[in-house]
Amino acid sequence: MDKDDIHFLQQLLNSTDKDYIISYLLNTNNSLLLHYSAANYNWNSGFEVPTVILENAACDFGTGLLMFHYAGGYRMLEDPGEVLNSPLENWKKFLGEVYNKLINLEFTSQAISFNPELTNIQKYKLKKSNPNIPELLINKSPGDAVDIFKI
């Protein structure tokens, strides 16, 4: 992304008009913009914007994996009951949707890589507690690595 793209993304994500953000993200076919938007999203602002990103046909597998981990997916892998019994319905719903889309490989591309950067010890503990955890949720995804800049 060039300086103009970065500036536009800053303005988009800092906009107070959530409808404008959602409209733009619904209609873009730029998978890299979706990835950077997810990486820079304020996850305390709810799951409406991440859901729009996830449902966009241009959303890449790596972006889905990023959103899974940024939304607390590690907690889901570590203790599924914590998520299942959580009173936070939107969080629970989003994690379930992104989890299912990831394990069913429901993304049209795998061009953008994301590395959850779990340590070998974290991976070992997860696999020990649940040997059926899909490797694709804990390992670096296929695709080209991109530097995630912070806005």
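Residues numbered from 1 in each chain as written. Predicted model: local features only at pLDDT ≥ 70, side-chain atom pairs only at ≥ 80, totals over all residues. Heavy atoms only, no water.

A. Molecular detail of the pattern of salt bridges. Tallied over the full model, the rule gives five salt bridges. Linking Lys-18 and Glu-48 is a salt bridge whose minimum nitrogen-to-oxygen distance equals 3.8 Å. Pair noted here: Lys-18 is in helix H2 (residues 18–27) and Glu-48 is in helix H4 (residues 48–55), with a separation of 30 residues, a long-range link. We classify Glu-48 as partly exposed; its relative accessible area is 44%. Arg-75 is the salt-bridge partner of Glu-82, the closest N and O atoms lying 2.6 Å from each other. (Salt bridge = Lys/Arg side-chain N within 4 Å of Asp/Glu carboxyl O. Helix = DSSP H or I, 4+ residues; strand = E, 2+ residues; numbered from the N terminus. Buried < 20%, exposed > 50% of the residue type's maximum accessible area, 1.4 Å probe, protein only.)

B. Here's a closer look at the environment of Leu-77. Mapped onto the elements of the fold, Leu-77 is located in helix H6 (residues 73–78). Setting aside residues up to four positions removed in sequence, Leu-77 forms contacts with Phe-68, Tyr-99, Leu-126, Ile-133, Leu-137 and Ile-138. (Contact = heavy atoms within 4.5 Å.)

C. View of the side chain of Thr-28. By the secondary structure assignment, Thr-28 is in the loop between H2 and helix H3 (31–40). Beyond its immediate sequence surroundings of up to four residues, Thr-28 is in contact with Leu-33, Leu-34, Asn-56 and Ala-58.

D. Summary view of the environment of Tyr-36. Its place among the elements puts Tyr-36 in helix H3. You can call Tyr-36 buried: its relative accessible area is 6%. For the pair Tyr-36 and Gln-110, spaced 74 residues apart in sequence, the C-alpha separation works out to 15 Å. Not counting residues up to four positions away in its chain, the partners in contact with Tyr-36 are Met-1, Leu-9, Leu-13, Val-146, Asp-147, Ile-148 and Phe-149. One polar contact links the side chain of Tyr-36 to the main-chain carbonyl oxygen of Asp-147, over a distance of 3.2 Å. (Polar contact = N/O pair within 3.5 Å; in protein donor to acceptor, adjacent residues only side chain to side chain.)

E. Representation of the packing of aromatic side chains. Scanning the model with the defined rule gives eight aromatic pairs in all. Ring geometry for Trp-43 and Phe-94: centres 6.0 Å apart, planes at 55°, overall tilted. Here Trp-43, found in the loop between H3 and H4, pairs with Phe-94, found in helix H8 (residues 89–103); they are 51 residues apart in sequence, far enough to count as distant. A residue is classified by how much of its surface remains accessible, and Phe-94, at 1% relative accessible area, is buried. Ring pairing ties together the aromatic residues Tyr-41, Trp-43, Phe-47 and Phe-94, which thus form one cluster. A cation sits over an aromatic face here: Lys-101 above Phe-107, 4.9 Å from the ring centre. (Phe/Tyr/Trp six-rings, centres within 6.5 Å; stacked < 30°, edge-to-face > 60°. Lys NZ or Arg CZ within 6 Å of the ring centre and 35° of its normal.)

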